[in-house]
Amino acid sequence: MSRTYLLVDFENVQPSSLGTLVPAESEETFVKLFAGEHQSKVDLSLARALQPFGARAEYIQIAGNGKDALDFHIAYYMGRLTTEYPGASFIVLSRDTGFDPLIRHMTQHGVSCTRVATIAAKAATAKATTNKATSKAATKAASKATSKSATKPAGKSVAGDSGPSQASVAKVASKSASPAKPVANHQAKLTPNAVQLPKDRIAEIVQRLVGLKAARPGTVKTLRSSVMAWFKPELTVAQMDAVLQQLQAQGLLTITGTKVAYTLP
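Residues numbered from 1 in each chain as written. Predicted model: local features only at pLDDT ≥ 70, side-chain atom pairs only at ≥ 80, totals over all residues. Heavy atoms only, no water.

1. Observations concerning the confidence of the model for the chain
In step 1: Across the chain, the average pLDDT comes to 75, with 67% of residues at 70 or higher.
In step 2: Note on residues 121-134: pLDDT under 50 across the span, and 8 contacts to partners over four residues away in sequence or across chains.
In step 3: Confidence drops under a pLDDT of 50 for residues 155-162, and excluding neighbours within four residues, the segment shows 1 contact in the predicted structure. (pLDDT = per-residue confidence, 0-100. Contact = heavy atoms within 4.5 Å.)

2. Some details on the packing of helix H6 (residues 199-212) against helix H7 (residues 220-230)
In step 1: As a packed pair, H6 and H7 sit with axes 11 Å apart at the nearest point and diverge in direction by 120°. Judged by the inter-axis angle, H6 sits oblique to H7. For the element pair H6 and H7, the recorded crossing hand is right-handed. From H6, Ile205, Arg208, Leu209 and Leu212 reach across to H7, where they touch Leu223, Val227 and Trp230.
In step 2: Split into classes, the residues belonging to the contact of H6 with H7 amount to 6 nonpolar, no polar and 1 charged. (Axes fitted to C-alpha atoms, helices over the stretch in contact; angles between N-to-C directions. Helix = DSSP H or I, 4+ residues; strand = E, 2+ residues; numbered from the N terminus. Parallel < 35°, antiparallel > 145°, perpendicular 65-115°, else oblique. Left-handed = near helix turned anticlockwise from the far one by under 90°. Nonpolar A, V, L, I, M, F, W, Y, C, P; charged D, E, K, R; others polar.)

3. A short note on the sheet that holds strand S2 (residues 28-35)
In step 1: Read across the open sheet, the 5 strands follow the order S3-S2-S1-S4-S5; overall the sheet is parallel. A single partner strand is all that each edge strand has here, and the edge strands are strand S3 (57-61) and strand S5 (112-116). Looking at each pair of strands side by side, their axes are set apart by 15° on average, direction ignored.
In step 2: Sheet contacts for helix H3 (residues 100-108): strand S4 (89-93) and S5; angle to S5, the most-contacted strand, approximately 160°. (Pairing = 2+ DSSP bridges.)

4. Here we look at the environment of Ala242
In step 1: Here Ala242 lies in helix H8 (residues 237-249).
In step 2: Relative accessible area serves as the criterion here: at 1%, Ala242 is assigned to the buried category.
In step 3: Taking C-alpha positions, Ala242 is 10.0 Å from Ile202, a pair spaced 40 residues apart along the chain. (Buried < 20%, exposed > 50% of the residue type's maximum accessible area, 1.4 Å probe, protein only.)

5. Details of the packing of aromatic side chains
In step 1: The final tally for this structure, using the stated rule, is 5 aromatic pairs.
In step 2: On the numbers, 5.1 Å between centres and 25° between planes, the contact of Tyr5 with Phe30 is stacked. Placement of Tyr5 in strand S1 (residues 3-9) and of Phe30 in strand S2 is noted, with a sequence separation of 25 residues between them.
In step 3: For Tyr5, a relative accessible area of 2% puts it in the buried group.
In step 4: Where Tyr76 meets Tyr77, the ring centres are 5.3 Å apart and the plane angle is 85°; that geometry is what we call edge-to-face.
In step 5: Assessed through its relative accessible area of 14%, Tyr77 is described here as buried.
In step 6: Of the aromatic side chains, those joined through ring pairs into one cluster are Tyr5, Phe30, Tyr85 and Phe90. (Phe/Tyr/Trp six-rings, centres within 6.5 Å; stacked < 30°, edge-to-face > 60°.)

6. Quick look at the pattern of salt bridges
In step 1: Taken as a whole and assessed by the stated rule, the structure comprises 5 salt bridges.
In step 2: Two residues, Asp100 and Arg115, come together in a salt bridge whose shortest N-O distance is 2.7 Å. Of this pair, Asp100 sits in helix H3 while Arg115 is found in strand S5, placing the two residues 15 residues apart along the sequence.
In step 3: Residue class for Arg115 comes out buried when judged on its relative accessible area of 19%.
In step 4: A salt bridge links Glu204 to Arg208; the shortest N-O distance between them is 3.5 Å. Taken as a pair, Glu204 and Arg208 lie in helix H6 at a separation of 4 residues, close to a single helical turn.
In step 5: By relative accessible area, which is 31% here, Arg208 ends up partly exposed. (Salt bridge = Lys/Arg side-chain N within 4 Å of Asp/Glu carboxyl O.)

7. Points about the environment of Glu28
In step 1: Assignment of secondary structure puts Glu28 in strand S2.
In step 2: Owing to a relative accessible area of 25%, Glu28 belongs among the partly exposed residues under this scheme.
In step 3: When the C-alpha positions of Glu28 and Ser2 are compared, they lie 6.1 Å apart, and in sequence the two are 26 residues distant.

8. Points about the nonpolar core
Generally speaking, soluble globular proteins have nonpolar side chains that are buried together.
In step 1: Among the nonpolar cores identified, the biggest contains 22 residues, and Ile205, Leu209, Leu223, Val227 and Leu247 are the most heavily contacted of them.
In step 2: Those elements giving two or more residues to this core turn out to be H6, H7, H8 and strand S7 (259-262).
In step 3: Contacts of Leu209, omitting those with residues within four sequence positions, involve Arg216, Pro217, Leu223, Trp230, Leu247, Tyr262 and Leu264.
In step 4: Judged by nonpolar contacts, the second largest core, of 20 residues, contains Leu70, Leu81, Ala88 and Met106. (Core = buried A, V, L, I, M, F, W, Y, C linked by side-chain atoms within 4.5 Å.)

Spelled out as structure tokens, the structure:
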């Protein structure tokens, strides 16, 4: 079960609820609220939102003052938790853009990490609809992948190897480099004027996603920022759009709303 940590910079942002940032039931969610030395009160509505988390919600009040003192505490916990729980995802709630270089660095090293300035509240029914649609898309993609693998002879595997084999990575990379085939209506189709990336770059993106396994970005926003961070100079917006189109057209991932479901080893 994947872990998701919501790290709240309470000196910078004082939310009244957790809104839609509470991940799906399939994830194990932890909340750590970092407060300044002189912050002694929490809004009752936020306390109520944290209460269902039980021991998975923690208040961390720092000792002492100083520029960016609380930010350094958050950075320390992110580093420690990354070591203790490889594959964990992180969401930093703060308007402080000083976190962004650290987040880009963590993303480049395969850690799913993002910063948000506010928690956007949505109706519970809208959230339930999104989760249902995402689950349906993921089930459909998994069923399609299973059906394909059943009709092809299994490749050789090395006993005890928990990571993707070179054969599986090469197979997916080769598939990504092939011309796109006609796809179902729910997948993006490449338009005649769409920007095309070199085949080796698409193959590299696929190989990185295969290697991430459980740490693959779960939202379109996180996926875009991860891919952009992998290349220097960064891809243009048009090139990034082309990447998403090509990956969908080749059946390697499905986007439903803001969520991403993968059909990868």
